[in-house]
Amino acid sequence: MKYNFDQIINRENTNSTKWDPDTLKEMFGTSDILPFWVADMDFKVADPIVDAVVKRAEHGIYGYATRTDSYFDAIINWTRNRFKWDIEKEWIEYTPGVVPAINFILQAFTKPGDKVLIQEPVYYPFKRSINNNNLKVVNSPLKYDGEKYEIDFVDLEEKIKDQDIKIFILCNPHNPVGKVWDKEDLIKIGNLCLENDVLVVSDEIHNDLVYSGNTHTMFASISEKFAMNSITCTAPSKTFNLAGMQASNIIIPNPKLMEEYRQVLEKHNISGQNPLSIVALEAAYNYGEEWLEELLIYLEGNIEFIFNYLIEHLPKAKFIKPEGTYLAWVDLREYEMNGERLEKTIIEKGKVAFDGGTWFGENGEGFIRINFACPRSLLEEGLSRLVNAVNRL
Ligand SMILES: Cc1ncc(COP(=O)(O)O)c(C=O)c1O
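Values in this document were obtained by computation on a predicted structure and should not be read as measured data.

About the cut-offs
Residues numbered from 1 in each chain as written. Predicted model: local features only at pLDDT ≥ 70, side-chain atom pairs only at ≥ 80, totals over all residues. Heavy atoms only, no water. Pairing = 2+ DSSP bridges. Helix = DSSP H or I, 4+ residues; strand = E, 2+ residues; numbered from the N terminus. Axes fitted to C-alpha atoms, helices over the stretch in contact; angles between N-to-C directions. Contact = heavy atoms within 4.5 Å. 1 Å grid on protein atoms, 1.4 Å probe; cavity = no way out; pocket = protein on both sides within 12 Å on 5 of 7 lines; lining within 4 Å. Points joined across faces, edges and corners; volume = space filled by probe spheres on them. Buried < 20%, exposed > 50% of the residue type's maximum accessible area, 1.4 Å probe, protein only. Near = heavy atom within 4 Å. Polar contact = N/O pair within 3.5 Å; in protein donor to acceptor, adjacent residues only side chain to side chain. Areas by Shrake-Rupley, 256 points an atom, 1.4 Å probe, with all protein chains shown as cover. Sits in = over half its atoms within 2 Å of the grid points. Nonpolar A, V, L, I, M, F, W, Y, C, P; charged D, E, K, R; others polar. Right-handed = clockwise from strand over helix to strand, strands pointing away. Parallel < 35°, antiparallel > 145°, perpendicular 65-115°, else oblique. Left-handed = near helix turned anticlockwise from the far one by under 90°.

J.: Would you explain the sheet that holds strand β7 (residues 165-171) in this entry?
T.: What holds strands together in a sheet is hydrogen bonding between their backbones, with the strands either parallel or antiparallel. Read from one edge of the open sheet, seven strands run β2-β10-β9-β8-β7-β3-β4, paired in mixed fashion. Since the sheet does not close on itself, it has two edges, and those belong to β2 (92-95) and β4 (136-139), each with one partner. Strand-to-strand twist in this sheet, taken as the mean axis angle between neighbours without regard to direction, amounts to 25°. Where β7 lies against strand β8 (residues 199-203), five bridges are found, and the strand directions are parallel. Following the sheet pairing, I169 is matched in β8 by V201. Seen against the sheet, helix α9 (residues 255-267) touches β2, β8, β9 (230-234) and β10 (248-251) and runs at an angle of roughly 20° to β2.

What follows is the structure, given as structure tokens:
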């Protein structure tokens, strides 16, 4: 291995949202807490990214920046090589994040009061964005039998057919449950949405973080019809730990949809880009693959570590190994059904910060989400704090 993911790097005084004492105090009521919440990694990025950013920074002029062909080629080649989907430069738009893009999409393709479908438990900014844009959330909860998560297609079909849904925000791989949806599932979703005139927004920000035995299928790559009825969101942010660089790829093969989306971007004056993020994205996609392959092995080791640790120390916890994402969704309901009490105890007695299950929807109650993209020794400390808290419930 070329990269040392065991290395602990102090992130204090680097404006890290995850580690900043004031942010922790605001989020968890205390800054004396070890953070495993917001989804970025405590690992240094791939060397070629650092080199590219340093070189650009040393130039010393940070004026307005524009994207050139090499930027688009980096995204196009990555998407073809990793996912066998051929995309074109004209299909790619930039926004400073997937969540902003989702908001722009909602503004472009809905009017107040329209309905947008999500599948809880799910990444909570989806619901927040829907509400903030004066739209209505329709939830088709995932089915969970204690062993696996599945899409409840009976419920989904009923809601899509009967409720005049305008947009379906699909999360694939799914945060927080870690599912990488099968091609068959995606085909069923795609057909249902086509038949009922529902636009699919496929948030695939975690698509590179998929573990052995699983294959990520990009929704729009399945068929021309799906491509024409969807907007795909990807980014180097989760994959290469570049979230703070704020660059995401919004892929819209349908020119009419692209035109409508661009009108909203223009309204908000979203066009230029941070020059450091341009070189970071290019370096990541062009030269970051070796780092990513090593990272995936390390993260898979962390999954095994959590699995074994919980069996030994919290035997009543249920943890389904994620197929994708660096997020562990742990069911602690056999210890505590009351989500508020569980989350409070973990913060106050454990002094450890996870995302609370309730953040992701009602059916997240009694769960926590652990961000395990960190050195294993840190993860071990976090888990031991969790055990300590649960034992004091
Ligand atoms: C599913 C999903 N979408 C979007 C984001 C965030 O995207 P961005 O930082 O590009 O707005 C996250 C971050 O955790 C995520 O998990």
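J.: Sorry if this is basic, but what is going on with empty space enclosed by the protein here?
T.: With a probe scaled to a water molecule rolled over the atoms, the places where space remains empty come into view. Throughout the structure, instances matching the rule amount to three cavities of 30 Å³ or more. Here the largest cavity is characterised by a volume of approximately 60 Å³. Tallying contributions element by element places helix α3 (residues 69-83) first for the lining of the largest cavity, with four residues.

J.: Quick question: what am I supposed to make of unusual backbone geometry here?
T.: Glycine aside, negative phi is the norm for most residues, and most peptide bonds take the trans geometry. With an omega of 5°, the peptide bond between E120 and P121 qualifies as cis. Tracing the chain through its elements places P121 in the loop between β3 (115-118) and α5 (125-132). Note that the residue after N172, namely P173, is joined by a cis bond; omega there is -5°. Tracing the backbone shows P173 in the loop between β7 and α7 (183-195). Positive phi outside glycine occurs at D197, with the angle close to 60°. Its location among the elements puts D197 in the loop between α7 and β8. Positive phi, normally seen in glycine, also occurs at N269, with a value near 60°. Inspection of the secondary structure assignment puts N269 in the loop between α9 and α10 (275-287).

J.: Is there a simple way to think about the pairing of β9 in this case?
T.: Consecutive side chains of a regular strand alternate in pointing toward one face of the sheet and then the other. Here β9 lies mainly inside the structure; five of its five residues are buried. The alternating pattern of β9 places S230, T232 and T234 and I231 and C233 on opposite faces, both of which are buried. Bridging between β8 and β9 involves four bridges; their strand directions are parallel. Within the sheet, the bridge partner assigned to V200 lies in β9 and is S230. Pairing analysis gives three bridges linking β9 to β10, with the strands arranged antiparallel. Counterpart to T234 in the pairing with β10 is N249.

J.: I'm lost on the site of the ligand in this one. Help?
T.: Surveying the vicinity of the ligand reveals the residues A39, G97, V98, V99, P100, Y123, C171, N175, D203, I205, H206 and K238. Within the backbone of V99, a nitrogen or oxygen atom sits 3.0 Å from an oxygen atom of the ligand. A distance of 2.8 Å separates an oxygen atom of the ligand from a polar atom in the side chain of K238. When the free accessible area of the ligand is taken as 400 Å², the share hidden by the protein chains comes to 88%. Cavity membership is defined here by more than half of the atoms lying within 2 Å of grid points; on that basis the ligand lies in the largest pocket. If you tally residues by element for the shell around the ligand, the top one is helix α4 (residues 98-109), at three residues. Class assignment for the residues of the shell around the ligand results in seven nonpolar, three polar and two charged.

J.: Explain the pairing of β3 to me, please; I cannot follow it from the model alone.
T.: In this sheet, β4 lies alongside β3 in parallel orientation, the contact comprising four bridges. Note on β4: the bridge partner recorded for L117 is V138. Crossover connection from β3 via α5 to parallel β4: handedness right-handed. Bridge count between β3 and β7: three bridges; the pairing is parallel. Across the sheet, residue V116 finds its bridge partner in β7, namely I167.

J.: I keep staring at the packing of α4 against α9 and nothing clicks. Help me out?
T.: A packed helix pair is summarised by two numbers, namely the angle formed by the two axes and the spacing between the axes. Relative orientation of the contacting elements α4 and α9 amounts to 110°, with a least axis distance of 9 Å. Comparing their axes, α9 and α4 come out roughly perpendicular. Where α4 crosses over α9, the two elements pack in a sense that is right-handed. Between α4 and α9, the contacting residues are A101, F104, I105, Q107, A108 and F109 on the first element and L257, E260, Y261, V264 and L265 on the second. Residues of the contact of α4 with α9, tallied by class, amount to nine nonpolar, one polar and one charged.

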